[in-house]
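The primary structure of each chain is shown beneath.
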Amino acid sequence: MPDFIDHAVRVSDDGRGVPFFLEREDDYRQEHEKPARIGTDRFKIGPLKMLGDGALGARTAFLSRPYADDPSTCGIPVFTQETMDEMIGYANAHGMQAAVHTIGDACLDRVLSAYEKALAENPREDHRHGIVHCQITRADQLEKIAKMHLHVYAQSIFLDYDNHIVEERPDK
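Conventions used here
Residues numbered from 1 in each chain as written. Predicted model: local features only at pLDDT ≥ 70, side-chain atom pairs only at ≥ 80, totals over all residues. Heavy atoms only, no water. pLDDT = per-residue confidence, 0-100. Contact = heavy atoms within 4.5 Å. Buried < 20%, exposed > 50% of the residue type's maximum accessible area, 1.4 Å probe, protein only. Helix = DSSP H or I, 4+ residues; strand = E, 2+ residues; numbered from the N terminus. Pairing = 2+ DSSP bridges. Right-handed = clockwise from strand over helix to strand, strands pointing away. Patch = residues over 30% accessible without salt bridge, like charges linked within 9 Å, V, L, I, M, F, W, Y side chains within 5 Å. Areas by Shrake-Rupley, 256 points an atom, 1.4 Å probe, with all protein chains shown as cover. Salt bridge = Lys/Arg side-chain N within 4 Å of Asp/Glu carboxyl O. Axes fitted to C-alpha atoms, helices over the stretch in contact; angles between N-to-C directions. Parallel < 35°, antiparallel > 145°, perpendicular 65-115°, else oblique. Left-handed = near helix turned anticlockwise from the far one by under 90°. Nonpolar A, V, L, I, M, F, W, Y, C, P; charged D, E, K, R; others polar.

Asks: Which residues make up the confidence of the model for the chain, and what values do they have?
Replies: Confidence in the prediction for the chain averages 82 pLDDT; 74% of positions are at 70 or higher. Low pLDDT, under 50, characterises residues 17-26; the stretch is placed with 14 contacts to residues that sit more than four places away or in other chains.

Asks: Before we move on, can you summarise the pairing of strand β1 (residues 48-51) with the specific residues and values?
Replies: Regular strands place their side chains on alternate faces of the sheet. Alternating positions in β1 separate cleanly, L48 and M50 being buried on one face and K49 and L51 remaining unburied on the opposite face. Direction of pairing for β1 relative to strand β2 (residues 98-102): parallel, over a ladder of four bridges. Residue pairing in the sheet places L48 in a bridge with A98 of β2. With helix α2 (residues 81-93) bridging β1 and the parallel β2, this β-α-β connection has right-handed handedness.

Asks: Which residues make up a nonpolar patch on the surface, and what values do they have?
Replies: Side chains of I157, F158 and Y161 sit close together on the surface and give an oily, nonpolar patch of about 330 Å² of accessible area. Relative to the assigned elements, I157 resides in helix α5 (residues 157-163). Residue I157 is classed as exposed on the basis of its relative accessible area, which comes to 60%.

Asks: A description of the sheet that holds β2 should follow, citing residues and the corresponding values.
Replies: Read from one edge of the open sheet, four strands run β1-β2-β3-β4, paired in parallel fashion. The open sheet has two edge strands with one neighbour each: β1 and β4 (151-153). Neighbouring strand axes in the sheet, compared pairwise and without regard to direction, differ in orientation by 25 degrees on average. Both strand β3 (residues 130-133) and β4 contribute to a ladder of three bridges, which runs parallel. Of the residues in β4, the one forming a bridge with G130 is H151.

Asks: Quick rundown of the packing of α2 against helix α3 (residues 105-121)? Include the residues and the values.
Replies: Packing of α2 against α3 brings their axes to within 8 Å, and their N-to-C directions diverge by 45 degrees. The angle between the axes of α2 and α3 places the two elements in the oblique class. Every pair of crossing elements has a handedness; the one defined by α2 and α3 is right-handed. On α3, the residues that touch Q81, M84, D85, I88, G89 and N92 of α2 are R110, V111, S113, A114, Y115, K117, A118 and L119. Considering only residue class, the contact of α2 with α3 consists of seven nonpolar, four polar and three charged.

Asks: Mind laying out the pattern of salt bridges, listing which residues take part and the relevant values?
Replies: Scanning the model with the defined rule gives five salt bridges in all. Between R138 and D109 there is a salt bridge, and its shortest N-O distance comes to 2.8 Å. Of the two residues, R138 is situated in the loop between β3 and α4 (139-147) and D109 in helix α3; the sequence distance between them amounts to 29 residues. In this structure R138 comes out as partly exposed when scored by relative accessible area, which is 28%.

Following this line, the structure appears as structure tokens:
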């Protein structure tokens, strides 16, 4: 078991709380059997949560076309397609769920591609992978989400919060 996980397991078994996040992109590459099964009754490795892009308000959500009110940008992807494929593929191959923060449709294209690749390489019936927010979408993307049986973790508070900018930021 990698040192950082071993430490978290020992601390959790002592009854103390464990705020635990992987801080380096390569932490997920630590070699061990099935990360989703490592742990004790108090500490277990759970889903891989990734940030795929930013937010509409800051114009960092990754869109397939430039922002209507700032044509100089399409937003910012957090990971390359290659890195996203690798991280989601690793999680899927090791029995972990993956959930990716995805606001823009270009980010969603990358996420869907990574899920498609991971599930083709290591098919799983009840993978429970998901998309957090899933805000700017196209019909073809929604069809892929349904076909792959992905979960959508939508948060209704953002409907009200982004309602005043959703018409002016992404190009219709």
